[in-house]
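Chains, contacts and geometry: an overview
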Amino acid sequence: MGAGALALLVVVVAWRIRDWSSPEPPFEPKTKPPQAAPLCPWRDPENDLKRFFPNATRYEPKTRILSGQRLELAERLGRVPTGDENALHVYHCYEEQLPLGVVLTRRVKGDYGAIELVLAVGPNGRVCGLRLQRLREPEPIATALQSPDWLRSFEGQRSDSSWKLGRDIPDVVPEARLSAAAIVDGVRSMLILLATSDPSASQSPEAAPHH
Amino acid sequence: MLLLAFRNLVRRPLRSALAVSGLASAVAVLACLSAFGDGYRRALSTEVDRMGLQMMLVPLGCPYDAAARVLKGKTLDSSLPESALEEARRDPAVAVAAPLLMAALARPNQGRADMWVGLDKTALALKPWWRVEAGDGWFGDDNAVILGCDAAEVEMRKPGDRFYSPETGQELRVAGVLERSGTSDDSMFFVPLRTAQRMFGQTNRLTAVAIRLRDPALLRQARDRLQGVSGAQVVTPTEMMGTFVNLVGAVRTLLLSIVLVAVTVGVLGVFNTLLAAVVERANELSVMRAIGASRSQIVGLITTEALLLTGAGTAAGIVLAVVVGQGVESMVKQFVPLAPAEPLLSLTAATLAQCVGLGAAAGVSAGLYPAWRASRRQPADASKAE
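Residues numbered from 1 in each chain as written. Chains lettered and ligands numbered in written order. Predicted model: local features only at pLDDT ≥ 70, side-chain atom pairs only at ≥ 80, totals over all residues.

Overview of the overall build of chain A
The helix and strand tally for chain A stands at seven helices and five strands. Going from N to C terminus, chain A has its helices and strands arranged as α-α-β-α-β-β-β-β-α-α-α-α. When burial is assessed residue by residue, chain A has 36% of its 211 residues classed as buried. Residue pairs in contact within chain A that sit at least 24 positions apart in sequence constitute 67% of those at least 6 positions apart. (Helix = DSSP H or I, 4+ residues; strand = E, 2+ residues; numbered from the N terminus. Buried ≥ 20, exposed ≤ 12 C-beta atoms within 10 Å, placed from the backbone. Contact = placed C-beta atoms within 7 Å.)

Below, the structure is given as structure tokens:
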């Protein structure tokens, strides 16, 4: 009886010691990070400005460094940030001196090749336009992904919105789901990077999308 | 004397600095031009050696343009019949004949062009730098693609991923990714020859045939025989290299003549500075003569000043060439035919010696007349001036 109690005590103590010696990591990623992508250029700023911010007269590129906020980023993204997420290239759009919003670009891994996204975000941190500036998906997938209705469904979304494909963003044909999920994740990641780099944008009062 | 000469020069710092800067600019351009010629020849030779081939069969037309376009991964408007490959392989002097089919699919609205290359396994013998970093090492089947490392990075592809060519409707699977080679291969998509011919509607057609001989000494005989292949012409990399070197050499000679004018202007600047100094210091030179300085000592003083000025100008010019050389090289590469990927500017000891020699000669020639004029001052002139 006494030996049994002693064995139980030893097991409990050993268990506690194991718990103390392995402190909980500050962040446990739930998903694998996506493949790091090379810098994505903004290929057609003139037409994109007309499309997203018709009153814009100019834009200014700026780079925000996020390497000091990797922990916060990891928590918000739900995964370890990739190397290319240490910096965010932001194109600030203005009507003369009046800021209208920002444009972000990103390359995501589509099913058949890279897909380049151009995302317009209003001053309130909500999406006000999305365009796929380059993709190499086969015809039915490309049609589904470039459908104006599907792209418009991103408008009004924020970094802290719900992003489930099929619920918050309309579902697409089954063969396009992989690429669609990459786009949804890419847009969400860009908004989180933007909100982390400029918290004031995501805390500004609610406003209608600019578009 | 050196210290005295130096002090004389710094008495008029702006004038001396202007003379030095004029000569420095001329020497910098001369050094860049000289280094560029040597570097271009060497880099081109290295590039040709790395090709691992001794001749190419290209479609009829300008053979050098055709060969350069093929080597730099650009497409040709015309093509060869595949029978040319068979004829080349039948030639007794040919060790390897590798077919190539190239096609560029421009996507101007997306700001890029896809560069596709169809090849078969014989091409491996001509591409010793080919290392497949990941994947099977070769196309497993007809629907496989091997990507250059830059192409794989831009398209975010890994072995096993799917890949699609929207323009041709061809669906492929990534069989491998090449290690970085520093050549145009890094940004290309490689597919089996038959797949490329099907994709681009070029059945039984080729862009070029790359040939390696059993013995380089058989080049002349093999070339004479292969010139008879219908619809094709033979180009050797050595001929191409010679043509490009001659072309660049002609431009270099023209530029060199302009640089020599600039050097002459620089020398005249030094001459002017020294002559002005001699005129200004006429009384001082007479006093030097009066207190015992010989004519040869006066000549030595002025010549030392001239050498100091040109030495400083030459040194500054060489430093300038090193500093701005990279910028000049990137600018020059845009205009040079078949610009090799390697650095073109090579500031060798010979180039530096050439610049230093020219600087010394310029210094001596610029100082001769002012030194002679200074040495003509008489000791009695000192009292006249007083």
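Here's the deal with the overall build of chain B
Within chain B, the secondary structure is distributed over 13 helices and twelve strands. When the 386 residues of chain B are sorted by exposure, 42% land in the buried category. Considering only contacts in chain B between residues 6 or more positions apart, those separated by 24 or more positions represent 83%.

Describing the packing of helix 3 (residues 70-77) of chain A against helix 6 (residues 177-197) of chain A
Residue and element names in this part refer to chain A. Following both chains from N to C, one finds helix 3 and helix 6 inclined at 145°, their axes separated by 10 Å at the closest point. When the axes of helix 3 and helix 6 are compared, the crossing they make is right-handed. Within the contact between the two elements, helix 3 uses Glu72, Leu73, Arg76 and Leu77 and helix 6 uses Ser189, Ile192 and Thr196. Of the residues in the contact of helix 3 with helix 6, the class split is three nonpolar, two polar and two charged. (Axes fitted to C-alpha atoms, helices over the stretch in contact; angles between N-to-C directions. Left-handed = near helix turned anticlockwise from the far one by under 90°. Nonpolar A, V, L, I, M, F, W, Y, C, P; charged D, E, K, R; others polar.)

Quick notes on the pairing of strand 3 (residues 94-107) of chain B
Residue and element names in this part refer to chain B. Where strand 3 meets strand 11 (residues 208-213), six bridges bridge the pair, whose relative direction is antiparallel. Bridge pairing links Val94 to Leu213 in strand 11. Note that strand 3 and strand 4 (residues 112-119) share eight bridges and pair antiparallel. Each residue of the ladder has a partner; that of Ala106, found in strand 4, is Ala113. Count of turn residues in the strand 3/strand 4 antiparallel hairpin: four residues, of which Gly111 carries a positive phi of about 65°. (Pairing = 2+ DSSP bridges.)

A short note on unusual backbone geometry
Positive phi, close to 55°, is recorded for Glu96(A), a residue that is not glycine. Inspection of the secondary structure assignment puts Glu96(A) in the loop between strand 2 (87-95) and strand 3 (98-109). A positive phi angle, near 55°, is found at Met156(B), a position not held by glycine. For Met156(B), the location among the structural elements is in the loop between helix 6 (149-155) and strand 7 (162-165). Residue classification places Met156(B) among the buried positions, given that 20 C-beta atoms sit within 10 Å.

Some words on the nonpolar core
Within the largest apolar cluster, 103 residues are counted, with the highest numbers of intra-cluster contacts made by Leu119(A), Leu57(B), Val145(B), Val209(B) and Ile211(B). For this core, the leading source of residues is helix 6 of chain A, giving ten residues. Sequence-distant contacts of Val145(B), that is, excluding residues within four places in its chain, are made with Phe163(B), Leu172(B), Val174(B), Ala175(B), Phe189(B), Phe190(B) and Val191(B). With 42 residues, the next largest nonpolar core counts Ala19(B), Val27(B), Val259(B) and Leu307(B) among its residues. (Core = buried A, V, L, I, M, F, W, Y, C linked by C-beta atoms within 7 Å.)

Description of helix 6 of chain A
Here helix 6 of chain A spans 30 Å end to end across 21 residues, near enough to the 30 Å set by a 1.5 Å rise per residue. Judged by how many residues are buried, helix 6 of chain A sits mostly within the fold: 15 of 21 residues are covered. (Expected span 1.5 Å × (residues − 1).)

Examining the interface of chain B and chain A
Facing twelve residues of chain B, the contacting portion of chain A comprises 15 residues. Counting residues per element, the ones that place at least two in the side of chain B that touches chain A are helix 6 and strand 7 of chain B. Taken together, the residues that form the side of chain B that touches chain A break down as five nonpolar, two polar and five charged.

Regarding the environment of Pro92(B)
All names here are of chain B. Here Pro92 lies in the loop between helix 4 (83-90) and strand 3. For Pro92, a count of 9 C-beta atoms within 10 Å corresponds to the exposed category. Each C-alpha atom of the pair Pro92 and Leu218 lies 9.7 Å from the other, and the pair is 126 residues apart in sequence.

Some remarks on helix 4 of chain B
Every buried residue belonging to helix 4 of chain B is among Ala84(B), Leu85(B), Glu87(B) and Ala88(B), and all of these are buried. For helix 4 of chain B, the angular spread of buried residues about the axis comes to 165°, placing them on one side. (Arc of directions from axis to C-beta.)

Points about the environment of Ala144(B)
Residues and elements named next belong to chain B. Along the polypeptide, Ala144 turns up in strand 6 (residues 144-147). Of the residues examined, Ala144 has 21 C-beta atoms within 10 Å and is grouped as buried. With 16 residues separating them along the chain, Ala144 and Gly160 place their C-alpha atoms 9.4 Å apart. When neighbours within four sequence positions are excluded, Ala144 is seen to be in contact with Phe139, Leu172, Arg173 and Ala175.

As for the environment of Gly78(A)
Assignment of secondary structure puts Gly78(A) in the loop between helix 3 and strand 2. Separated by 111 residues in sequence, Gly78(A) and Ser189(A) have C-alpha atoms that sit 9.9 Å apart.

Focus on the confidence of the model for chain B
Here chain B shows a mean pLDDT of 81. Residues at 70 or above account for 85%. Predicted complex metrics record ipTM = 0.77 and pTM = 0.63. (pLDDT = per-residue confidence, 0-100.)

Things to note about the sheet that holds strand 5 (residues 127-134) of chain A
All names here are of chain A. The strand order across the open sheet formed by five strands is 1-2-3-4-5, and the pairing between neighbours is antiparallel. This sheet does not close on itself; its edge strands, each paired only once, are strand 1 (58-65) and strand 5. Shown here is a sheet whose adjacent strand axes are inclined to one another by a mean of 25°, direction ignored. Taken strand by strand, helix 2 (residues 45-52) contacts strand 1, strand 2, strand 3, strand 4 (114-121) and strand 5, and its axis lies near 150° from that of strand 5.

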